[in-house]
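A look at the structure
Below are the chains, spelled out letter by letter.
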Protein chains: 4
Amino acid sequence: MANTDIPALFAESLTNLKLTDKQKAVLEASLKLFSEKGFDNTSTSDIAKLAGVSEGTVYKQFKTKAGILKAIVEPFAENVIPLAATEFLDEVSTENLPDFKDFLTTVIKNRFQFAMNNLPQLRILFHEAITTPKISEKISKEILTLLSSNLKQAYLFYQTKGELVKWSPDRIFRYMISTVVGYVIPVLLIPGLTLDVDQVTKESTEFLLKGLSPK
Amino acid sequence: MANTDIPALFAESLTNLKLTDKQKAVLEASLKLFSEKGFDNTSTSDIAKLAGVSEGTVYKQFKTKAGILKAIVEPFAENVIPLAATEFLDEVSTENLPDFKDFLTTVIKNRFQFAMNNLPQLRILFHEAITTPKISEKISKEILTLLSSNLKQAYLFYQTKGELVKWSPDRIFRYMISTVVGYVIPVLLIPGLTLDVDQVTKESTEFLLKGLSPK
Amino acid sequence: MANTDIPALFAESLTNLKLTDKQKAVLEASLKLFSEKGFDNTSTSDIAKLAGVSEGTVYKQFKTKAGILKAIVEPFAENVIPLAATEFLDEVSTENLPDFKDFLTTVIKNRFQFAMNNLPQLRILFHEAITTPKISEKISKEILTLLSSNLKQAYLFYQTKGELVKWSPDRIFRYMISTVVGYVIPVLLIPGLTLDVDQVTKESTEFLLKGLSPK
Amino acid sequence: MANTDIPALFAESLTNLKLTDKQKAVLEASLKLFSEKGFDNTSTSDIAKLAGVSEGTVYKQFKTKAGILKAIVEPFAENVIPLAATEFLDEVSTENLPDFKDFLTTVIKNRFQFAMNNLPQLRILFHEAITTPKISEKISKEILTLLSSNLKQAYLFYQTKGELVKWSPDRIFRYMISTVVGYVIPVLLIPGLTLDVDQVTKESTEFLLKGLSPK
DNA sequence: GATGAATGAGAGTTCATTCAT
DNA sequence: AATGAATGAACTCTCATTCAT
């Protein structure tokens, strides 16, 4: 399965905004600083310095400091996540994985790779989600609705085949997410920590297979 | 089993600090504001106003704004959590729950109640953990070491009895935490959301029992 | 007739605000700079420097730069002007000037002195009135209503005596104001220009007496 | 008498500057914005937006923001006012109005119409006159010198005829101006207010005729 | 111990102006 | 001639912190 190239999608969405090189540099510097120090502990002067531009340039395109955050978070939340998810789900269904085990392995591995490829954005999202309830509400609903509705059919397929416990899609999805997130959060929190994607995929799948088996 | 009264423990640790009523009011106001708006978006003037004291008083005991955060987070992280955990584990072991199912139910329910009783503190911890790597590192290590070492014996007990899969304590603990956290995080993020502790305890236990059964 | 001591009234209204010496210095510096350079061309840094305080002090009491303007203009517009007018009109009516000529002389002289004593405030009022329509509307209505309603009785008295043309109070008042303002505006506009109050009072009265005589 | 078409004169002076359409649009946008919000509260970006041009274009012809103000105020102050005044006085003298009453009516009506036709410019002039003493000094002297010297002959004519009090031309002129301005200022200050030119002309003339009559 | 006026460094933001295209 | 991205100085305002009372 061709792994979705999230950074490429992000870069593409930047290109669509018709930003100049300097303005892209502002976004890149902001992404780095926000994810490292948090939004509040990053000054626009820091951003300008790291991006190698004047403070005025920072405001030319993004109007306010919050506008920079929006420019980073929104395409990620509104376009990149769903896009990646849709693409990925298309692949899953087209491949028509016959075994639930293969399905689980594919999905879990994909999500681990997505997380590893987008640590800075996830860090920012994670951080802002607490301070700004709207963001978290929107994102969580979006992801939940999208994923669960698309996954529903897959779940039903495996439930009918007798390979998956007959719980609600929400509940099944929650345990899948929880298990993945349980491995990812320490990586988000402790700098330098990494993940052996293949290993954790194997472990997670083994646990979930048992937890989600019928009977 | 008598449920651990965390707020009482917290209040007790406050009493030990020999704070005046005004200084306690400062801590309470800070707890409320930090958990609602985050540390950075709370000014010392906000705190003074809510606590009904002068700005000078805020600084009399706590020296700096970070000192207030420390005074809230440290007793929670260093004393309250371990204390509660130890107390709770003592109860568990002394009661010598014969069934793994009963053990799981007891542990899970206790953790859900702990979370529900300490939402403001968890929100602050959650928030600061990302900005301040040291905090998260310290806390995660502390919790992991402490809990897993104490739980090890219990795990071994049930593994020997043939009721628990023979994975490492860390791995077993991770899935237990993940499953609980998977229910708690939405409550942390979306204001107004609550949890039916009995219901989620039943669901989580059902899932974990299967996922952690041998074979 | 004891001339109303406007500066004393202003100082008194300052005292009532319970301002510290530094905060009074801020108001005084602002009054000077606003009247000299205009509100927009005066920076809060300018004010702080002239007042010999930090910029923070400027904001401690007045919250915003516009707040300083308000603190200068409002007591002047809402308290000082009406107060002075009422006091002055009381004196007029109690003295019961028998001749319209004496009445005119008294009123005109008082207004000239009021203007000369409050040039800085008038300059600011004049300046802001154009940019902020609300101010001018409020002030003009206030002055007009107050003065014309109080003057009405006096006008009627002299009209009955056959010393004053039987026009509407508004119209009579307008010509009185215009004539005074016609002498004052050049003083407001051209720095260094002063007024010989006795001389202009004599001239204005001579003109108005003829213009307002009944045929 | 043909009423002087000030806007036409202004447009003509614009044409003489050999401005492109875009540059004229800049001037027109500036005139509107300066008179509405004041010079300081109008940004060059505002002007560019309203004029539908780039910010660079704003600076091509006018070098600085103050240059735009100059381009609006100077032709008005140096050319348009005197030009209109001269033209108007020519008409007055050539028509050789026999009665002082007719003369007054003609002059007053003309000035009211001039004011009504040029409210935006007057607003700007009024506003800037306070902040920039030079402007007001220059304009006031210019108008005074020009008008009073030209009017002198007319005044002398009516004084000799016994229709006008034998005061200095300056003093007579001041009362004429004051009376007109007394009606115009409220219109400048309170948006939406208008003037019935015929009515105020009649009122003003009636008052001035009496005030300026000999004896 | 408590107050709150005062501080000053630094934050976010605006804007007149320049200049390569 | 026209554009608009880029600049950087200056502005208004915030806030953690200090200290005389």
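Above: the structure in question.
Residues numbered from 1 in each chain as written. Chains lettered and ligands numbered in written order. Predicted model: local features only at pLDDT ≥ 70, side-chain atom pairs only at ≥ 80, totals over all residues. Heavy atoms only, no water.

A few words on the relation of the copies chain A and chain B. The transformation that overlays chain A on chain B combines an axial shift of 0.1 Å with a rotation of 180°, and the residual RMSD is 0.1 Å. Given the turn and translation reported, the copies of this chain are related as if by a two-fold rotation axis. When each C-alpha of chain A is compared by its distance to the rotation axis, Gly211 of chain A comes out closest, at 1.7 Å. Both copies present the same face, since 100% of the interface residues in chain A are matched by interface residues at the equivalent positions in chain B. (Least-squares fit on C-alpha atoms with pLDDT ≥ 70 in both. Contact = heavy atoms within 4.5 Å.)

Taken residue by residue, the interface counts 38 residues in chain D and 38 residues in chain C. In total, chain D and chain C occlude about 3200 Å² of area from one another, counting both sides; carbon and sulfur atoms represent 62% of this. When the buried area of chain D at its contact with chain C is split by residue, Ile130, Phe207 and Lys210 of chain D rank highest and sum to 22% of it. For the pair chain D and chain C, the number of links is four salt bridges. (Buried area = accessible area lost by both parts, 1.4 Å probe. Salt bridge = Lys/Arg side-chain N within 4 Å of Asp/Glu carboxyl O.)

Contacts between the two partners involve 38 residues from chain A and, on the opposite side, 38 residues from chain B. Counting the surface lost from both chain A and chain B, the interface buries some 3200 Å², and carbon and sulfur atoms represent 62% of this. In terms of surface lost to chain B, no three residues of chain A exceed Ile130, Phe207 and Lys210 of chain A, which account for 22% of the buried area on that side. The interface formed by chain A and chain B holds four salt bridges in total. Between Arg171 of chain A and Glu203 of chain B there is a salt bridge, and its shortest N-O distance comes to 3.7 Å. Across the chain A-chain B interface, the total number found is 14 residue pairs in polar contact (both at pLDDT 80 or more). Contributing elements (two or more residues each) for the side of chain A that touches chain B: α7 (119-131), α8 (133-160), α9 (169-189) and α10 (197-211) of chain A. Along the lines of polarity and charge, the residues of the side of chain A that touches chain B split into 17 nonpolar, eleven polar and ten charged. (Polar contact = N/O pair within 3.5 Å; in protein donor to acceptor, adjacent residues only side chain to side chain. Helix = DSSP H or I, 4+ residues; strand = E, 2+ residues; numbered from the N terminus. Nonpolar A, V, L, I, M, F, W, Y, C, P; charged D, E, K, R; others polar.)

Glancing now at the packing of aromatic side chains. Using the criterion set out here, one finds 44 aromatic pairs over all chains in the structure. By way of ring pairs, the aromatic residues Phe112, Trp167, Tyr175, Tyr183 and Phe207 of chain A together with Phe112, Trp167, Tyr175, Tyr183 and Phe207 of chain B are connected into one cluster. A cation sits over an aromatic face here: Arg111 of chain A above Phe114 of chain A, 4.8 Å from the ring centre. Over the ring of Trp167 of chain A we find Lys210 of chain B, and its NZ or CZ is 5.2 Å from the ring centre. (Phe/Tyr/Trp six-rings, centres within 6.5 Å; stacked < 30°, edge-to-face > 60°. Lys NZ or Arg CZ within 6 Å of the ring centre and 35° of its normal.)

Now for the nonpolar core. Residues Leu212 of chain A together with Leu212 of chain B are the most contacted members of the largest nonpolar core, which totals 128 residues. Discounting chain neighbours no more than four positions away, the residues touching Leu212 of chain B are Phe207 and Lys210 of chain A together with Phe100, Glu163, Leu164, Val165, Trp167, Ile172, Tyr175 and Met176 of chain B. Residues Leu19, Ile68, Ile72 and Ala115 of chain D belong to the second largest nonpolar core, which totals 127 residues. (Core = buried A, V, L, I, M, F, W, Y, C linked by side-chain atoms within 4.5 Å. Buried < 20%, exposed > 50% of the residue type's maximum accessible area, 1.4 Å probe, protein only.)

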